[in-house]
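Residues per chain, in single letters:
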Amino acid sequence: MFTYRTYAALVLAALVIGGLLPVAFGSRGGADVAFNGGVQSLGSTCFACHEYNAGNGKVELLGVPPRYRAGSVYDLVVRVSDPEQAGAGFEVSAENELGHQGVLIRTDVVNTAFSASAFDGEFLTHTADGADDSVASWVGGGGSYDYHFAWEAPADDAGRVTLFAAGNAINDQQAYF
């Protein structure tokens, strides 16, 4: 016979298994949309889900021009590094106070994808293949991994545009902390 405590424990277990594990394992195939610290994400970053994993790593956005030319395409790289980890994921967008600006271009269709959402094409993230490749390449990359993409600046001058990038170095244990 189930008691109130047994029932409560079963409900809690179902919530933990049904609620937390998909979040923990779901990140392998790409970040949830709008967690890169940008205007559209209201400042939320990977830390919202990975708060217990703060470490010594860093995220760099390479190739960003000091000023963009309207309609120009720029080859960019998000580099995630942490010598104490084993791989990485990321999310990036180009925004200003008016919303997303320009066009993100997938130059690596295996390791990157657009985050699935109403903001289709406005947030670029890693794929499961990208996370797997980052793990396979981590040691050879000196404890870092580069995700490649391009950005086409707005056709008309949109004023100041910021590229927001967030990254998460992973331990490859695929477990929630």
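The structure contained in this document is the topic of the report that follows. Keep in mind the model is a prediction, meaning the values are calculated, not measured.

## Looking at the sheet that holds strand 1 (residues 58–62)
The pairing of strands in a sheet happens through backbone hydrogen bonds and is either parallel or antiparallel.
No. 1: Read across the open sheet, the four strands follow the order 1-2-8-5; overall the sheet is antiparallel. Two strands lie at the open edges of the sheet, namely strand 1 and strand 5 (103–105), each paired on one side alone. Strand-to-strand twist in this sheet, taken as the mean axis angle between neighbours without regard to direction, amounts to 25 degrees.
No. 2: Where strand 5 lies against strand 8 (residues 144–152), three bridges are found, and the strand directions are antiparallel. Opposite Val103, over in strand 8, you have Glu152 as the bridge partner.

## Quick word on the pattern of salt bridges
No. 1: Taken as a whole and assessed by the stated rule, the structure comprises one salt bridge.
No. 2: Two residues, Asp146 and Arg79, come together in a salt bridge whose shortest N-O distance is 2.7 Å. Of this pair, Asp146 sits in strand 8 while Arg79 sits in strand 2 (residues 73–81), and the two are 67 residues apart along the sequence.
No. 3: Of the residues examined, Arg79 reaches a relative accessible area of 27% and is grouped as partly exposed.

Each value, and the rule that gives it
Residues numbered from 1 in each chain as written. Predicted model: local features only at pLDDT ≥ 70, side-chain atom pairs only at ≥ 80, totals over all residues. Heavy atoms only, no water. Pairing = 2+ DSSP bridges. Helix = DSSP H or I, 4+ residues; strand = E, 2+ residues; numbered from the N terminus. Axes fitted to C-alpha atoms, helices over the stretch in contact; angles between N-to-C directions. Salt bridge = Lys/Arg side-chain N within 4 Å of Asp/Glu carboxyl O. Buried < 20%, exposed > 50% of the residue type's maximum accessible area, 1.4 Å probe, protein only.

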